[in-house]
Amino acid sequence: MMFPAREFTLDVIAECGSTNELLLSRRDQDGFAGTALLALSQTAGQGRRGREWRSPEGNLALSVAFRESESSRAPLYSFLIGLAAYRVLVDLLPHGLDLRLKWPNDIYLCGKKLAGILAQARQQGLATDLVVGIGLNLARAPQGMEPEAVSVSEFVGPPRPETFAKSFLAELVHLTREIQNFEDLRRIWEEAAHLSGTELTIQGEEGSWKAIALLPSGELEVAGEHGARRKLSSETVSVRFVKKS
Ligand code: BT5
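Residues numbered from 1 in each chain as written. Predicted model: local features only at pLDDT ≥ 70, side-chain atom pairs only at ≥ 80, totals over all residues. Heavy atoms only, no water.

### Description of the pattern of salt bridges
Here is the rule we go by: In what follows, salt bridge is the name for a side-chain nitrogen of Lys or Arg lying within 4 Å of a carboxyl oxygen of Asp or Glu. Relative accessible area decides the class of each residue, using a 1.4 Å probe on protein chains only: under 20% of the type maximum gives buried, over 50% gives exposed, and in between gives partly exposed. The helix and strand labels rest on DSSP assignments: H or I over at least four residues marks a helix, E over at least two residues marks a strand, and numbering proceeds from the N terminus.
For the coordinates displayed, the defined rule picks out 18 salt bridges. For Asp98, the salt bridge goes to Arg100, with nearest N and O atoms at 3.0 Å. Classification of Asp98 by relative accessible area gives partly exposed; the value is 31%. Of the charged contacts in the structure, one is a salt bridge between Glu146 and Arg240, with a shortest N-O distance of 3.4 Å. Of this pair, Glu146 sits in the loop between strand S9 (127-136) and helix H3 (161-178) while Arg240 sits in strand S14 (residues 239-241), and the two are 94 residues apart along the sequence. With relative accessibility at 62%, the residue Glu146 sits in the exposed group.

See below:
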């Protein structure tokens, strides 16, 4: 089994700065792994590399804690979290909308950003403590974002964050049972990302790249215009979809 199969306990709180930060501060407490923390109001949500995540009330701000004994698997948890949310959204949204995962850690709906994922890891002896947080626009999309933001409410009456969180955790349990090895994860994730042939640009660089595969390291393999292959690390690059005109 690739990810430890387990149940999750949902802890709902009224307000906090960042659910990731609060959950990380509970690492030494019993029952840390398997806790999911949902804040109904998150006032200082964090994105990657010091960026800000806006969480207007009614949106999802949820973090899940794991303990992983194999540190090389740690980068793969954000893909698992993205897939669980993706599956809930597939059931929730009208059919036929362009819903897709974007490497490494976003969910896009109709070309706009619907959700972002932030994974943070801390070494704990031989094990790795992981907190993976997801922010998802259920009720409202903040204005003026670049890339543009979108919310579930633009297409369907949005569920309450707690309702979404429960469905999400049920999907997470299914996925940890279904995914037996990296090959399973790669196949399911690439399908949800519509990865094959997706064209990307790398921020700060010229030219476009075709997505090839998700790698066991969590990197993305891409091919350039003349077929040259390259591995992208989420630590160093950000990618954008090439908009089809
Ligand atoms: C992310 O970062 O997309 C990861 C966001 C993770 C948020 C969750 S909420 C629960 C948990 N607790 C936390 O403190 N964090 C996690 P990044 O790829 O760096 O994207 C951040 C960028 O997305 C910002 O610079 C804005 O441009 C944009 N953005 C901010 N809020 C947004 C929103 N609600 N919807 C769409 N885009 C947003």
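This is not the end of the story, as more comes after the structure.
### Looking at the site of the ligand
Here is the rule: If even one non-hydrogen atom of a residue comes within 4 Å of a molecule or strand, that residue is called near it. Pairs of N or O atoms are called polar contacts if they sit within 3.5 Å, as long as, within protein, a hydrogen donor faces a hydrogen acceptor (for residues adjacent in sequence, only side-chain-to-side-chain pairs). In short, Shrake-Rupley with a 1.4 Å probe defines the accessible areas, and a residue's cover is counted only from the protein chains shown. Throughout, the protein atoms alone are placed on a 1 Å grid, and a set of points is a cavity if a 1.4 Å probe fits but cannot get out or a pocket if it is open with protein on both sides within 12 Å along at least five of seven lines; lining residues have an atom within 4 Å of a point. In this scheme, a molecule is assigned to a cavity or pocket if more than half of its atoms are within 2 Å of the grid points. Residues are grouped as follows: Ala, Val, Leu, Ile, Met, Phe, Trp, Tyr, Cys and Pro are nonpolar; Asp, Glu, Lys and Arg are charged; all remaining types, including Gly, are polar.
Near the ligand you find 27 residues, and of these Ser18, Gln46, Arg48, Arg51 and Lys113 are the closest. Ser18 places a polar side-chain atom, nitrogen or oxygen, 2.7 Å from an oxygen atom of the ligand. For the ligand, a nitrogen atom lies 2.9 Å from a polar atom in the side chain of Asn137. Taken by itself the ligand offers 800 Å² of open surface, and the protein chains cover 93% of this. When atoms are counted within 2 Å of each cavity's grid points, the one that captures over half of the ligand is the largest pocket. Looking at the shell around the ligand, the elements with two or more residues in it are helix H1 (19-24), strand S3 (45-46), strand S4 (52-53), strand S5 (60-68), strand S8 (112-124) and S9. The greatest single-element share of the shell around the ligand, amounting to four residues, is contributed by S8. The class makeup of the residues in the shell around the ligand is eight nonpolar, twelve polar and seven charged.

### Some points on the nonpolar core
Operational definition: The criterion is simple. A nonpolar core is a set of buried Ala, Val, Leu, Ile, Met, Phe, Trp, Tyr and Cys residues joined through side-chain atoms within 4.5 Å. In this description, contact between two residues means that some pair of their heavy atoms is separated by no more than 4.5 Å.
Among the nonpolar cores identified, the biggest contains 62 residues, and Phe66, Ile134, Leu136, Phe168 and Leu172 are the most heavily contacted of them. Broken down by element, this core gets its largest block of residues, ten residues, from helix H2 (residues 77-92). Non-local contacts of Phe66, meaning those with residues more than four positions away in its chain, are made with Phe8, Phe32, Ala33, Tyr77, Leu80, Ile81, Thr128, Asp129, Leu130, Val132 and Leu172. Within the second largest apolar cluster, ten residues are counted, among which are Ile13, Cys16, Ala39 and Ala65.

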